[in-house]
Structures are given as C-alpha cells and as structure tokens.
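Understanding the architecture of this molecule
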Amino acid sequence: MDVQVANHCSIKSAAKPSSPQNSAECGKENAPKKKSRTRRGKRGKRRRGKKANEPPPFLPPEAEEGNIEYKLKLVNPTQYRFEHLATQLKWRLQEGRGEAVYQIGVEDNGLLVGLTEEDMKASLKTLRRMAEKVGADITLLREREVDCDRARRKIAEVLVRKVPDDQQFLDLRVAVLGNVDSGKSTLLGVLTQGELDNGRGRARLNLFRHLHEIQTGRTSSISFEILGFNSKGEVVNYSDSRTAEEICESSSKMITFIDLAGHYKYLKTTIFGLTSYCPDFAMLVVGANTGIAGTTREHLGLAMALKVPIFIVVSKVDLCGKSTVEKTVRQLERVLKQPGCNKVPMVVANPDDAVTAAQQFAQSSSVTPIFTLSSVSGENLDLLKVFFNILPPLSNSKEQEELMQQLTEFQVDEIYSVPDVGTVVGGTLYSGVCREGDRLVVGPTDDGRFLRLKVCSIHRNRSGCRVLRAGQAATLALGNFDRSLLRKGMVMVSPKMNPTICWQFEAAIVLLFHAKTFRRGFQVTVHVGNVRQTATVECLLGKEELRTGERAVVCFRFLKHPEYLRVGAKLLFREGVTKGIGHVTHLLPSTQNHVPDQNRNQNHS
C-alpha cells in the first residue's frame, strides 16, 4: 500500500517538481482549457492557490554523515531491527554532538511520502523507545501534511537530544552586536532572567559589571550570560534556577551570550570579543525605531570579515507602528542583498519559519534570519527561543575529535585574583584536552620565555568541571602563580609542543579603507585571535604603497613584546578610520626577529 502511494506521489512530484501547487492542480488536469490570462493574472492566481505551510515535494537526499536521519516508518520493529535502529540513533547523536533530527514519513532519497495518523503515532512511540534506550528525549518540532490522492498523510520532524550526563552539554557561543541603545543587554536580560522588561531598562541591570554602566545604561566591557535548554527542549534560566550551576546541571544545551559594547568608543573591546572568544554565531540587534544607525554597519562588516555566521534581531517593535518596523526590515534586506554582503534575508514570522531558519542557517552561510520582537511586550520572543533550541553546532564530532587529539593550547583572555583561590585565568581551549593537575607552560613573556605552571581546578559556566575539551571556554585556577607575570594574549600550552614566538610575521591583507596611502612605517593595532598589539609595517612585498581596496603581502613587526601566532590565523587591523583584514601566511624565524628600536620614526602616513 505504502509503495503504491509513494509511487503515485513521486509521479506527481516528478511531473512538475518546481511547482508548489501541484497537489491543488491534480484534479484540474482533465478540465477544459481556459483562455490565457495576462501574466499578472496568472501570478495572482498562483499566489492565491499556494498554501502557506505546504512543504516542497522533495527534501535533499539523506547524507551518510551528519545528524539528520530519514525514516519512512517505524511501526512494530522486531527486536533485532530495534537494536539496529537504536545503534543508528546513537551514531546520529554522536555526529550532532548530542542532538539529532529525525524526519518521519520521508524516504532515503528525500521523497515526502507521509504516514497515516495511526502509523505516525506508532512510529513516534518507537522513536521514543529508541531514545530512552540511548539516554535521550524527543521533541516534536512540527508536523506537515502531504496531499496525495488516497488520503491526507503527515510527515513529522522530531528533535532527539541526549539527557545531560557528566556536564557534557552542547555549548554554543553567540556574540551580541549592535549600535548603542539598540536593546542588546535588555534582550539578554529578558532571555536569561525569564522576566520581561518594564520599558526603562530594568532587565539589563543584572548584566552590568561596573557602576558607570548602570548609571549610563551603556555596556563598556564584555560580559557573559547563559541560557539553557533541557533534553525536552524546555528553557532553563534564572527564573527556575538560583545559580548558574543549577542551570548547567539540568541543561542538555547551553547558549553562552557574549554581550559586547555598542558605542564606537569601545570598538576595540568589541573586536577583541569577536576575535578572542571564537563565537559560533553573531546576533546583530537593530532598534526598530532607529534602523541601521551608528556602529550597526561596522559590526556587520566585522562579523562578515571574520566569517562569523550572523542573524538579525529587530528589537523595540512595541515603540513603533507596523509601517516603521516594515521599513526597518526592508532597509536591512537591501543592505544584506548588496554585492558586499550577498546574503539571503529570511524574515521569521511563525514557529515553522523558526525551525526552517535554524536548519538552513547552519547549512548555508548566506541565509540570514531576521526576527522582529519586543523585550517589553514579549512579542515573538518565543520564536527566538525556538531558533536557539534547534540551532545545531557548526562543527561535527569528527572535527571535534581531531582537535582533541592535538596537544593542549589554551588562550588567555581574562586574568583575575580570587580570594582563597589565587590567580585565575579565563579563556578558550583551542585544541587538546585539559584536566585538573595538568602541568603546562604559559607565555610568551616580554623577554620571550615560557613559564611552568599547574592547573589546580577548572570552572565552566561558573560550575566545577574536571575535564575541558577543545572548543570549550572555562576559567582555570593557577594557585599562587604570580599574576604580574601574566597578560591577555598569552597562551598556555603543553610542554611537548615546544612553542615558538615571533616579533615579525607576514600576512596577506586587503586594505578595506585608508584615507591616504598605506606604506612602510605605518603603525596599526593588530588583532589575531586573543592577541591585540600595536605593530609597524616593515615592508610591502612587491609594492611601495597600498590604497583602499588593494591587496598585498605585508610584513608586520610587534612594538612591545613577542607573541605566539599560528600560520593561517585570521587577522584584523585598524588605526582610526584605517581598516584591513587578512590572514597570517608566514612567521619569520628568530634569526630574522629583532628587538624593536624605540628611537625609529615609525609613524609615516
């Protein structure tokens, strides 16, 4: 029976694969032909006939790798078949680092066949048993109807997520960008605290770190906030839990928000947050009442230059009329479609759009979801939560395993002194595995040395942790290690690595903007990962000078102290209105490095 229905659907789909209203026109094949309409009339009829939630006749064929699995049906499997299905689910969960998506009622080639109500219930029951066997929960994301001749059939999209164990939750980092007063901190306060704002900024008070931030209402430093989702897809935040430790214990997936500054005066802090903390995604917040203003374009350009996938949130829709919100969205769509961006904007209007946006956003860097919401009325706030719940990680388990096989490398981004604990450093583990009691070396110091130290304890998302894996952010307690010997931009590496340092390096760059000519002797602030230091242009290989838009290989020399760099690392430099991007191509050996002469005149423009 199912084979016959499948064949019938495939015939219909094959006849007109690109037309979304095939099912509606099936019964009109034998009707007498009418006179041809005008082109506009045909379009109007096509739009009226199209159903809003009608799925495409095909999905892409199932991939062997990845966390997406197609199943036609899962009705009463034998014990042997059930064991095989459970093993398959385990593999998909491993590929998705704890998450998998099952499409029920879909053949392996992507054909949407659909199931009857009875078969769908039986299939979901089997999938729930499979999930329980491997220690996971399932959440029905959406059901869609497939229109065939015989009867209405449904396909279901189900999220399977591992129950948290031993603190191995999936962690995604989201950098929050946007112009000053666009509502970034308020939105984060509403998401993480679980209470709506009062319209005067009450929700953001818990996020501020300094008194002047509370007084002015402007973020000047980098702060971190967490939002959790349990294995059933329910939100876990401070409204249910008193501490961050409780949130971590009951969450299978964590979203760590990196709240960055919007004011132009703090641009260097924002760039440091984007380059150093390695965000997986960037959320650009735009005020509906102001539109694209201030540093909005600058932040969009930074995220694109660093190849961070970006989505947009239009906030404060409660302050504006519908026409103003639509005008802001149209303005954003125009900017995203420009040749410099080449993005495909996707406005999210309902939960179905949010599910589709999350999946397409992770698969294609050109798709840019746009949300319109209010932190005061709560309008469309649930759509953003659905998006975060489904959003998959960018790296798969294979890439994660490869990074973990390498030697330990931890980037130092923050340094603290904690009473009764001693010196604590915060940052991201770039590669390898770090455990309590590991002995590492930290550097380079001003004279180019690496110092030995011991990791006393590890905290991740404000709760204790014994093992840190590649890609995870944490704080490490170093006991009585002298804090004055540490600085931002250092690395802690395994002694087996034999780390090298450099005063000079070469980079292939693109000069995005410069008022005059960019030439030898010009000084810029260079950002490479967690390294931020002033460097001098030593020479331009093959050229005398550069102008806006031109490319070249440039040799830079650090002014203050040597740094640890990696070939291929993304580079961003700036000085006033001068801006450029590129990547490190070559580290000059120590014989060619030299301590800089402070008496040289280096500020030619």
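Residues numbered from 1 in each chain as written. Predicted model: local features only at pLDDT ≥ 70, side-chain atom pairs only at ≥ 80, totals over all residues. Heavy atoms only, no water.

Here is the rule we go by: UniProt positions are given in the numbering used here, feature names are shortened, and annotations may be inferred rather than shown by experiment.
As annotated in an unreviewed UniProt entry, the protein carries the name Tr-type G domain-containing protein and is attributed to Culter alburnus. What UniProt states about the protein under its Sequence similarities (unreviewed entry) heading is, verbatim, "Belongs to the TRAFAC class translation factor GTPase superfamily. Classic translation factor GTPase family. EF-Tu/EF-1A subfamily."

1. Details of the overall build of the protein
To be explicit about the condition: Every helix listed is a DSSP run of H or I at least four residues long, and every strand listed is a run of E at least two residues long, numbered separately from the N terminus. Only protein chains enter the calculation, and the probe is 1.4 Å; a residue is then buried if its accessible area is under 20% of its type maximum, exposed if over 50%, and partly exposed in between. Pairs of residues are marked as contacts when any of their non-hydrogen atoms sit within 4.5 Å.
Helix and strand counts for the protein stand at 14 helices and 30 strands. Scored against the burial criterion, the 605 residues of the protein give a buried share of 52%. For the protein, the proportion of contacts with a sequence separation of at least 24, taken over those separated by at least 6, is 71%.

2. Description of the sheet that holds strand β12 (residues 367-372)
The pairing of strands in a sheet comes from backbone hydrogen bonds and takes either a parallel or an antiparallel form. Just so we agree on the cut-off: Strands are treated as partners if at least two bridges between them are detected by DSSP. Here an angle of 0 to 180 degrees is reported between the N-to-C directions of two axes, which are lines fitted to C-alpha atoms, with helices fitted over the stretch in contact.
Ordered in space as β7-β6-β8-β5-β9-β10-β12-β11, the eight strands form an open sheet in which the pairing is mixed. Only two strands of the sheet have a single partner each, and these edge strands are β7 (235-236) and β11 (344-347). Both strand β6 (residues 223-229) and β7 contribute to a ladder of two bridges, which runs antiparallel. Paired with Phe229 across the bridge in β7 is Val235. The sheet strands contacting helix α11 (residues 322-337) are β9 (281-287), β10 (310-315), β11 and β12, and the helix crosses β12 at an angle near 165°. Along the sheet, helix α12 (residues 351-363) makes contact with β9, β10, β11 and β12, crossing β11 at roughly 155°.

3. Points about the pairing of β6
For β6, the tally of buried residues reaches six of seven residues, placing the bulk of the element in the interior. What sits between the antiparallel neighbours β6 and β7 is a turn of five residues, in which Gly233 has the positive phi angle 85°.

4. Details of the side chain of Ser494
Within the secondary structure, Ser494 is located in the loop between β22 (491-493) and β23 (504-513). Excluding residues that lie within four positions of it along the chain, Ser494 makes contacts with Leu407, Thr408, Leu440 and Val441.

5. A word on the sheet that holds strand β25 (residues 523-528)
Judged by pairing direction, the barrel is antiparallel, and its six strands sit side by side in the order β23-β28-β26-β25-β29-β30 before closing back on the first. Within the sheet, the average angular offset between the axes of one strand and its neighbour, ignoring direction, is 45°. Bridge analysis of β23 against strand β30 (residues 578-587) gives eight bridges, and the strand direction is antiparallel. Pairing of Val510 across the sheet is with Ile581, part of β30. Along the sheet, helix α9 (residues 267-276) makes contact with β25, β26 (531-541) and β29 (570-575), crossing β25 at roughly 35°.

6. A few points about the side chain of Thr578
Inclusion rule: We define a polar contact as two N or O atoms separated by no more than 3.5 Å, with the added condition that, inside protein, one atom must be a possible hydrogen donor and the other a possible acceptor, whereas residues neighbouring each other in sequence contribute only through side-chain atom pairs.
Inspection of the secondary structure assignment puts Thr578 in strand β30. Within the local environment of Thr578, its side chain forms a polar contact with the side chain of His514, the two groups lying 2.7 Å apart. Setting aside chain neighbours within four positions, we find Thr578 in contact with Leu511, Phe513, His514, Phe522 and Phe573.

7. Focus: unusual backbone geometry
For residues besides glycine, phi is generally negative; the peptide bonds are generally trans as well. Looking along the chain, the bond that leaves Gly443 and enters Pro444 is cis, with omega of -5°. Inspection of the secondary structure assignment puts Pro444 in the loop between β16 (439-443) and β17 (451-454). The residue Asn76 is not glycine, and still its phi comes out positive at about 45°. For Asn76, the position within the fold is in the loop between β1 (68-71) and α4 (79-95).

8. Side note on the nonpolar core
Inclusion rule: Only buried Ala, Val, Leu, Ile, Met, Phe, Trp, Tyr and Cys residues count toward a nonpolar core, and they belong to the same one when joined by side-chain atoms within 4.5 Å.
By size, the foremost hydrophobic cluster in this structure holds 37 residues, and its most contacted members are Phe257, Met283, Phe311, Leu384 and Phe388. With six residues, helix α13 (residues 381-390) is the single largest residue contributor to this core. By size, the runner-up hydrophobic cluster in this structure holds 33 residues, among which are Ile222, Leu267, Ala303 and Leu306.

9. Notes on the pattern of salt bridges
Here the idea is simple: oppositely charged side chains can pair when their charged atoms come close. Operational definition: For this document, the term salt bridge refers to a Lys or Arg side-chain nitrogen within 4 Å of an Asp or Glu carboxyl oxygen.
On inspection of all chains with the given rule, the structure shows 20 salt bridges. Here Glu143 makes a salt bridge to Lys154, at a shortest N to O gap of 3.6 Å. Highlighted residues: Glu143 in strand β3 (residues 136-147) and Lys154 in strand β4 (residues 152-162), separated in sequence by eleven residues. Glu143 gets classed as partly exposed once you look at its relative accessible area, which sits at 35%.

10. Topic: the pairing of strand β5 (residues 170-178)
Both faces of the sheet carry side chains from a regular strand, because those side chains alternate between them. For β5, the tally of buried residues reaches nine of nine residues, placing the bulk of the element in the interior. Looking at chain direction, β5 and strand β8 (residues 253-259) are connected through seven bridges and run parallel. For Leu170, the partnering residue across the bridge sits in β8 and is Lys253. Pairing analysis gives five bridges linking β5 to β9, with the strands arranged parallel. Paired with Val176 across the bridge in β9 is Met283.

11. Looking at the confidence of the model for the protein
Rules: Residue-level confidence of the predictor is summarised by pLDDT, bounded by 0 at the bottom and 100 at the top.
Summing up the model confidence of the protein, the mean pLDDT is 84 and the portion of residues at 70 or higher is 84%. Here residues 1-53 is a poorly scored stretch, pLDDT under 50, and it has 38 contacts once near neighbours within four places are set aside; other chains count. Every residue in residues 591-605 scores below 50 in pLDDT, and together they form 35 contacts with partners more than four places removed in sequence or on other chains.

12. What to know about the environment of Ser374
As for its placement among the helices and strands, Ser374 is situated in the loop between β12 and α13. Not counting residues up to four positions away in its chain, the partners in contact with Ser374 are Val317, Asp318, Glu379 and Leu381. A polar side-chain atom of Ser374 sits 2.7 Å from a polar atom in the side chain of Asp318.

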